Amino acid sequence: MNPELFEESNTLDPSIIWKNCLRKIKENVTLMTYNTWFLPIKPLQLSNNTLKIEIPSHFFWEWIDEHYNLLINNTIAEVIGPDAKLSYIINKVSNQLEPQSDYGGNGKNKDNIITGKQKVKHNFESYLNSRYTFEDFITGEGNQLARAAAVAISDNPGGTSFNPFFVYGGVGLGKTHLIQAIGNEIVKKFPDKRVIYLSTDIFTVEFVEAIQSNRVNEFSNFYRSMDVLIIDDIQFLVGKEKTQDLFFHIFNMLHQLKKQIILTSDKSPKALKGLNERLISRFQWGLSADIQPPELETRIAILKRKADTYGMSISREILDYIAVNITSNIRELEGCLIKILANASLSSKEITFELVKKTVNEIATDRKIININIESITKTVCEYLNITENKIRDKTRKKEVVYARQLSMFLSKEMTNSSLKTIGLHFGGRDHSTVVHACAAVENKKNQNSSFRTLIIELKNKIELSST
Ligand code: ADP
Ligand code: MG
């Protein structure tokens, strides 16, 4: 008997299994994410509940693991079964671009079994990502003050006058990196301190769950037991009155006990319209530091460091070219390098000037896709739900119109930078509290209903596509 055939009959067809996984994944991410991060994955084998996949690089894995860990785990559990595991190998060609030390001598094709998250010695997860360190945080004019304060805090958490420490600035400028670096440093220096990092979204979702299961006290005691509480993107508390109340009490308690509180936001505390005044005033008790976009020299330094980290050798000329052409934020700089790495490794090409130019151009095009506005959102939602656009702007309170209106308001808030007031004006001059209410209603439904979540993702995909 052909041993290969025998082998086949003992295992399931990995490509069919993976196709099923992909179908589920597609329902949960945007098209862009799907194409960039999931399509390049090759299923190799399925045996003993372990699905083996091939990916272009180790870094690629870190990225999807960091951003889509939960989605992947849930998906394979659903498709393969509760004991499902994933193992991956790195594609040999692309692996040459990676630092070798991570794998040991000839570990190129070694299976990497994915185990659960590492637990710290406390009985809770700190949610800190060890990738974010001070060493890897490049200093420039735009972030000098914030970084200096961050270092001072990590030497003496709760003991400086920088409490709370409030970091604000535009997207992709390093806020999350910096505050997680503080957390990591404190854990290293003071292993007994209880440090937790979480996004405002997670905090809110957990709070809602705590309410539903009658565990609000437990929830609040847990956060009050922290030595260092790090909460990211606090602007998302706007419109969430109950969560704001609870957070207010946790804040007061921790502050009184001289525990360190660290927050970020896309705006300064004063500009956080719609947030309870008593919170805004507390946010100003300590130090607020902003992060500004990096100047050219800093951009080059950051690129150089990232390229080294990924084990890419890129000429100074090319680095300059990227730094001159990509100016908006650091996430985009990094995205550009990753794209170059992926392009080079998928086609086993060298990193040439042509390839770099092409990639930089693609990124500029991607940015244009984000040409999304309230009109394009409304149009797509109405088409999808089969409702005439005018109805959305007039006074009708018919159920299906209200539904479409609320969805459009919610998506406008999520996908554009428009203020609540502007959004309200677009929907027949409604005031901002109507928008807040609509967003809360959608949010609520989204938390409770998975097919509704899927609908939202689908709509987002359509809106992205229609705005190209
Ligand atoms: P924000 O939270 O402000 O949106 P992030 O902290 O997520 O931004 O930063 C985006 C990416 O850029 C991250 O991968 C981060 O590591 C990187 N980055 C940001 N600032 C710096 C810096 N000063 N030096 C090196 N990398 C940085
Ligand atoms: Mg962030």
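Caption draft 1: Expanded view of the pairing of strand β6 (residues 195–199). Counting buried residues in β6 gives 4 out of 5 residues, a clear majority hidden from the surface. Note that β6 and strand β7 (residues 228–232) share 5 bridges and pair parallel. Bridge assignment links I196 to a residue of β7, and that residue is L229.

Caption draft 2: Just the packing of helix α8 (residues 200–212) against helix α10 (residues 241–256), in detail. At a closest axis distance of 10 Å, the pairing of α8 and α10 adopts a crossing angle of 100°. Of the possible angle classes, the one that applies to α8 and α10 is roughly perpendicular. On α10, the residues that touch F203, T204, F207 and I211 of α8 are K242, T243, L246, F247 and I250. Within the contact of α8 with α10, the residues separate by chemical class into 6 nonpolar, 2 polar and 1 charged.

Caption draft 3: Seen up close, the site of ligand 1. Neighbouring residues of ligand 1: 19 residues in total, closest I138, G172, T176, H177 and E334. The contact in question runs from an oxygen atom of ligand 1 to an N or O atom on the side chain of R331, over 2.8 Å. The fraction of the free accessible surface of ligand 1 (560 Å²) that becomes covered by protein chains is 95%. Looking at the shell around ligand 1, the elements with two or more residues in it are α7 (175–189), α12 (296–309) and α14 (330–346). Residues from two domains meet in the shell around ligand 1; each of domain 2 (144–291) and domain 3 (296–363) gives at least three.

Caption draft 4: Here's a closer look at the pattern of salt bridges. Within the structure shown, the criterion is met by 20 salt bridges. Between K189 and E185 there is a salt bridge, and its shortest N-O distance comes to 3.4 Å. Taken together, the residues span about one helical turn, with K189 and E185 both in helix α7 at a distance of 4 residues. When the shortest N-O distance is used, the salt bridge between K306 and E334 registers 2.8 Å. Of this pair, K306 sits in helix α12 while E334 sits in helix α14; the two residues are 28 residues apart in sequence, bridging distant segments of the chain. For K306, a relative accessible area of 14% translates into the label buried. Accessibility expressed as a relative area gives 9% for E334, which makes it buried. Look at the salt bridges and you will find they share partners, linking D155, E185, K188 and K189 into a network.

Caption draft 5: Up close: the sheet that holds β7. The parallel open sheet is built from 5 strands, whose spatial order is β6-β7-β8-β5-β9. Single-partner strands in this sheet number two, and they are β6 and β9 (287–291). Between one strand axis and the next, the sheet turns through 15° on average, direction left out of account. Here 4 bridges tie strand β5 (residues 165–169) to strand β8 (residues 260–265), and the two strands are oriented parallel to one another. Bridging across to β8, Y168 finds its partner in S265. Each of β5, β8 and β9 touches helix α6 (residues 144–155); the most contacted strand, β9, lies at about 135° to it.

Caption draft 6: View of the packing of helix α20 (residues 432–448) against helix α21 (residues 450–466). The geometry of α20 relative to α21 is characterised by a closest axis approach of 6 Å and an angle of 120° between their N-to-C directions. Classified by the angle their axes make, α20 and α21 are oblique. Considering only the axes of α20 and α21, their crossing is left-handed. On α21, the residues that touch V442, K445, K446, N447 and Q448 of α20 are S450, F452, R453 and I456.

Caption draft 7: Summary view of α21. Its 17 residues give α21 an end-to-end C-alpha distance of 24 Å, which sits within 8% of 24 Å, the value for a rise of 1.5 Å per residue. Listing the buried residues of α21 in full gives F452, T454, L455, I456, I457, L459, K460, N461, I463 and E464.

Caption draft 8: Examining helix α16 (residues 374–385) more closely. Taking 1.5 Å per residue as the helical rise, α16 with its 12 residues ought to reach 16 Å, and the 16 Å between its terminal C-alpha atoms agrees with that figure. For α16, the full list of buried residues reads I374, S376, I377, T378, T380, V381 and C382. Packing partners of the buried residues in α16 comprise α17 (389–393), α18 (399–415), α19 (420–426) and α21. A positive phi of about 60° marks N386, the residue just after α16.

The rules we used
- Residues numbered from 1 in each chain as written.
- Chains lettered and ligands numbered in written order.
- Predicted model: local features only at pLDDT ≥ 70, side-chain atom pairs only at ≥ 80, totals over all residues.
- Heavy atoms only, no water.
- Buried < 20%, exposed > 50% of the residue type's maximum accessible area, 1.4 Å probe, protein only.
- Helix = DSSP H or I, 4+ residues; strand = E, 2+ residues; numbered from the N terminus.
- Pairing = 2+ DSSP bridges.
- Axes fitted to C-alpha atoms, helices over the stretch in contact; angles between N-to-C directions.
- Parallel < 35°, antiparallel > 145°, perpendicular 65-115°, else oblique.
- Contact = heavy atoms within 4.5 Å.
- Nonpolar A, V, L, I, M, F, W, Y, C, P; charged D, E, K, R; others polar.
- Near = heavy atom within 4 Å.
- Polar contact = N/O pair within 3.5 Å; in protein donor to acceptor, adjacent residues only side chain to side chain.
- Areas by Shrake-Rupley, 256 points an atom, 1.4 Å probe, with all protein chains shown as cover.
- Domains from an automatic or database assignment.
- Salt bridge = Lys/Arg side-chain N within 4 Å of Asp/Glu carboxyl O.
- Left-handed = near helix turned anticlockwise from the far one by under 90°.
- Expected span 1.5 Å × (residues − 1).

Scope: geometric values only; no functional claims are made or implied.
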